[in-house]
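Chain and residue survey
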Amino acid sequence: MNRPKRLIVAVLWLAAAAVLFVALDACGGRSSSASPSSAPPSSASTAGRVRSSAGDSGPVVAAGHGWTDASGIEGPMPAAGTCHVRWTDAHEPLPDPSCTPGAIDTAVTQANLPQTVCRSGGYTTSVRPPAGITDKAKTKIMAAYGIPAEQVGDYELDHLVPLADGGASDIRNLWPEPNIFASAKHSTSAFVHNDKDQTEQDAFSALCAGRATLSAIQTTMSTDWTAGHYTG
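Here the residue index of a chain counts from 1 through its sequence in written order. Under the rules for a predicted model, residues below a pLDDT of 70 receive no local features and side-chain atom pairs below 80 are neither given nor counted, while totals for whole chains, interfaces and linings still include all residues. Side-chain measures here rest on the full set of heavy atoms in the structure, leaving out hydrogens and waters.

Okay, the nonpolar core next. Note on soluble globular proteins: their nonpolar side chains tend to be buried together. Grouped together as the largest cluster of nonpolar side chains are 35 residues, with contacts concentrated most on I73, I141, Y145 and I217. Think of it this way: any DSSP run of H or I at least four residues long counts as a helix, any run of E at least two long counts as a strand, and we number them from the N terminus. Going through the elements one at a time, α3 (123-127), α4 (131-144), β8 (155-159), β9 (174-178), α5 (195-208) and α6 (214-224) are the ones with two or more residues in this core. Ranked by the residues each element gives to this core, the list is headed by α4, at five residues. Any two residues whose heavy atoms approach within 4.5 Å are treated as being in contact. If sequence neighbours within four positions are ignored, Y145 has contacts with C83, H84, V85, P95, D96, C99, T100, W175 and P176. Definition used in this section: a nonpolar core is a set of buried Ala, Val, Leu, Ile, Met, Phe, Trp, Tyr and Cys residues joined via side-chain atoms within 4.5 Å. Burial status follows relative accessibility: with a 1.4 Å probe on protein chains alone, a residue under 20% of its type maximum counts as buried, one over 50% as exposed, and anything between as partly exposed.

So, about the state of the cysteines. For this text, the term disulfide refers to a pair of cysteine sulfurs within 2.5 Å. Applying the stated rule across the entire model yields two disulfides. In this model C118 forms its disulfide with C208; the gap between the sulfur atoms is 2.0 Å. Taking the torsion about the sulfur-sulfur bond, which here is approximately -90°, the covalent link between C118 and C208 counts as left-handed. Remark: C208 occurs in helix α5 and C118 occurs in the loop between β7 (103-104) and α3; sequence separation between them is 90 residues. By relative accessible area, C208 is classed as partly exposed at 35%.

Note on geometry: axes are lines fitted to C-alpha atoms, helical ones only across the stretch in contact, with angles between N-to-C directions running from 0 to 180 degrees. Between α5 and α6, the least distance of the axes is 10 Å, while the angle of their chain directions is 165°. In terms of their interaxial angle, α5 and α6 are classed as roughly antiparallel. As α5 runs across α6, the sense of the crossing is right-handed. Residues T199, E200, A203 and L207 of α5 lie in contact with α6, whose contacting residues are L214, I217 and M221. For classification, angles of less than 35 degrees are called roughly parallel, those exceeding 145 degrees roughly antiparallel, those between 65 and 115 degrees roughly perpendicular, and all remaining angles oblique. Each crossing is labelled by how the near helix is turned from the far one, with a counterclockwise turn of less than a right angle marking it left-handed and a clockwise turn marking it right-handed.

Turning next to the side chain of T223. Mapped onto the fold, T223 is located in helix α6. Any N or O atom pair separated by 3.5 Å or less is treated as a polar contact, with the protein-specific requirement of one donor-capable and one acceptor-capable atom, and with residues adjacent in sequence counted only for side-chain atom pairs. Polar side-chain contacts of T223 include one of 2.7 Å to the backbone oxygen of T219.

Moving on, we get to α6. Among the residues of α6, L214, I217, Q218, M221, S222, T223 and D224 are the ones counted as buried. Along its buried surface, α6 packs onto β5 (86-88), β6 (93-94), β7 and α5.

Our focus in this paragraph is α4. Every helix has an expected span of 1.5 Å times one less than the residues it contains. Helix length check: α4, at 14 residues, gives a terminal C-alpha distance of 20 Å against a target of 20 Å (1.5 Å per residue), a fit within 8%. Where α4 is concerned, the buried positions are I133, T134, A137, K138, I141, M142 and A144. The buried residues of α4 occupy an angular sector of 150° when the element is viewed end-on, so they sit on one face. In α4, those exposed residues whose orientation departs by more than 90 degrees from the buried face are K136 and K140. Lining the buried residues of α4 we find β3 (67-68), β4 (72-73), β8 and β9. Taken from the residues just after α4, G146 is the one with a positive phi, measuring 70°. As used here, the arc belongs to the directions running from the helix axis to the C-beta atoms.

Listed below in structure tokens is the structure:
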């Protein structure tokens, strides 16, 4: 075989090898992208369910107590139907973090707990807005969460961060909490209408006993109240 023919054969072999290499590499890429570890979870098994919300960054700071006699409940009111109650795998309700991130009152600090929320009698009463103000806000907040007005009795206008833990009565700290006991641990207390109410009582006891800090409770309550374990 003369030299020109040998060169042509060599070039053809090199071209064939290059095509084969590219084909094998493409097949390998497709195989790895379809691996089970990278497959998204089934929407049927995760719809409406949350475990924890890594994107939730904690409460915002309200202006004062979050309300005044002149302006009523303060803070931005979401448009009707733009908010949605979320549900944990244990069937506990959580608010929509984009509408209800939680809001705190800077009048309460770790240093002044004995003079504010942990004092004997009357603190939350002194900062809670009157029913005439909260009732108006509840109707609008329920509408924001897409809940019909005739179901008002099935929901509590809840402070996501409780007043007893330095929460404010700002719109961003209020949401329509369903009055349910998903844990089946019904309470005989007149102040406990759902599982979150019991968690709030436990958190308050832990706060004033020094077993939990104010900032830790406020962060847990605002991001996922079901993660709060304050007994014992």
